[in-house]
Amino acid sequence: MSNKGYESLSQVEEDNDDNRSQPSQANKRDSMTDALKASAHRRQQEQQQQQEANNNNAHGIVHNNNLPPIEFNDDDDDVSDSNERDDSKTDLNPNRPAAAAAVRHDRYANNIGNIPNTSRSVTNCMNASCRVCTVFGIEIHIHILLPLFFVLTFLIWLPLILQDTGNAVSYILLIILFNVCLWETVLIHELGHCLAGYLVGGRTDKVLLWPLGGLAFTQPPAQLNNAEGDAKKRRNRIFIAFGGPLTHIPHMLLYGVLLLWYCRNESGTEYYYAGECPYGSNPFAIWPFWQQTIITLPDGQGLWFWYDFLMLAFMINFWLFVINLLIPAYPLDGSRIFANWLLQRYNSVKSATIYCWVTGIIAVAAIVLGATVFRTQTMLFFTGIWAAFQVYQLSMLIQNSNHYQHPLFNQT
């Protein structure tokens, strides 16, 4: 391969040095012009190398070049991926492998990605999905393992069904409505990320619904690779991350108003009040309402069907809002907001360390509250367990100076 690209780069650097040493020449170009010209130069050099590589492959020619390859930063020219490494703060690490700074390939673009320490068949299974529709030009995909969630839901509720077999149909209908409400909420949540990305000039090609929730493959707009561009990228990422949880606010208002309307004619405030609602006209004012997920009529008489459905729909949105924003465990939205907020102020090592301490404290609090106060809200307890696991993983990476391998701290 020709060394022309390297000679051109050296000549540009020498010319810049000459210009700085001669005060009689024209004034130095401002930083923005330098950045744009450097970006254009790298793009031209990349195209020349690609053309030479194609010509060589066409003739079966392989050249050995002792010069190290030039690394390109996709963010200078193209739309950045939200999972790329963030180097706006200088982080010199002599142990960092060259592959970590190389151009990222998009083999798993718009997918869950490569699963480390697993076989290719497992990775392919985790990335398998089917497209069901298109919304506003965004492909909606369903993961092949999503039906497992429906099976799990049925198994969790099976003991209640077996205790009241005479009302099994009501339980099954409630399970179906619960799943429809849950996945409608998750889809709207992900579309909220898409809308936020659109508002800042980004784009979304795909939304994936899988057993652990949803993934919106939203790409923020390209920014220059300088301090101002890095700050804007992080602001965009924070804005996009907020777009999902904020969709739960109108959902909570909708189901909350419907629940109050449904219970409007009730006057009792005691549990198992003999009416349409177990907690009277304002269930939100009763503490047990926040601790329970489903309520059955006494003596095996069935369900408060519509009350249970509206209460479940409200609780889904309430806990998704709280957990996504207040527990910064990756890949929850709160983790992206918190990590990018830290990276705006500190270097990546200090940001990762602060993230571990804060998230660790929140994880312990979530586990304790989930095991005591909100025992029926298993989502809180298990999210706390997951947050603690994420803290352990990142702390091990920090000890080995490999924190940049974590998705939250390898962004560019």
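Scroll up to find the structure this text is about.
These lines cover the structure that appears in this document, whether it is placed above or below. One numbering rule holds for all chains: residues counted from 1, following each sequence as written. Given that the model is predicted, a residue must reach a pLDDT of at least 70 before its local features are reported, and side-chain atom pairs must reach 80 or more before they are shown or counted; all residues, however, enter totals for whole chains, interfaces and linings. Based on all heavy atoms of the structure, the side-chain values leave hydrogens and waters out of the count.

**Here we look at the overall build of the chain**
In DSSP terms, a helix is any run of H or I states spanning at least four residues, a strand is any run of E spanning at least two, and both are numbered starting from the N terminus. From N to C terminus, the chain includes 12 helices and four strands. A simple rule labels every residue: compare its accessible area, found with a 1.4 Å probe on the protein chains alone, to the largest value its type can have, and call it buried under 20%, exposed over 50%, or partly exposed in between. Residue burial in the chain is summarised as follows: out of 412 residues, 38% are buried. A contact between two residues is defined here by any heavy atoms of the two lying within 4.5 Å. Here the contacts in the chain between residues at least 6 apart in sequence split such that 64% fall between residues at least 24 apart.

**Some details on the packing of aromatic side chains**
Stacked, tilted and edge-to-face are the three classes assigned to paired rings of Phe, Tyr and Trp, where Trp is represented by its six-membered ring and a pair needs centres within 6.5 Å; plane angles under 30 degrees give stacked, over 60 edge-to-face, the rest tilted. This model, assessed by the stated rule, comprises 20 aromatic pairs. Here the aromatic cluster, defined as three or more aromatic residues joined through ring pairs, consists of Phe284, Trp287, Phe289, Trp290, Phe314, Phe318, Trp319 and Phe374.

**Re the pairing of strand β3 (residues 203-210)**
Where burial is concerned, most of β3 is hidden: six out of the eight residues are buried. As defined by bridge partners, strand β2 (residues 138-143) adjoins β3 across four bridges and the pair is classed as parallel. Pairing of His141 across the sheet is with Leu208, part of β3. Relative to strand β4 (residues 213-219), β3 runs antiparallel, the two being bridged by six bridges. Bridge pairing links Val207 to Ala216 in β4. Hairpin geometry of β3 and β4 is characterised by an intervening segment of two residues between the two adjacent antiparallel strands. By this definition, two strands are paired if DSSP reports at least two bridges between them.

**With respect to the environment of Ile172**
Mapped onto the elements of the fold, Ile172 is located in helix α6 (residues 168-199). What makes Ile172 partly exposed here is its relative accessible area of 39%. Considering only alpha carbons, one finds Ile172 and Phe154, 18 residues apart in sequence, at a separation of 8.0 Å.

**Quick notes on the packing of helix α5 (residues 147-163) against α6**
Axis angles are defined between N-to-C directions and span 0 to 180 degrees, where every axis is a line fitted to C-alpha atoms and, for a helix, only to the segment in contact. One way to put it is that α5 packs onto α6 with a least axis distance of 10 Å and a crossing angle of 145 degrees. Seen along the crossing, α5 lies across α6 with a hand that is right-handed. Contacts between α5 and α6 involve Phe149, Phe150, Thr153, Phe154, Trp157, Leu160 and Ile161 from the former and Ala168, Tyr171, Leu174, Ile175, Phe178, Asn179, Leu182 and Trp183 from the latter. The residue makeup of the contact of α5 with α6, split by class, is 13 nonpolar, two polar and no charged. Two helices that cross are described as forming a left-handed crossing if the nearer one is turned anticlockwise from the farther one by less than a right angle, and a right-handed crossing if clockwise. Residue type decides the class: Asp, Glu, Lys and Arg count as charged, Ala, Val, Leu, Ile, Met, Phe, Trp, Tyr, Cys and Pro as nonpolar, and the leftover types, Gly among them, as polar.

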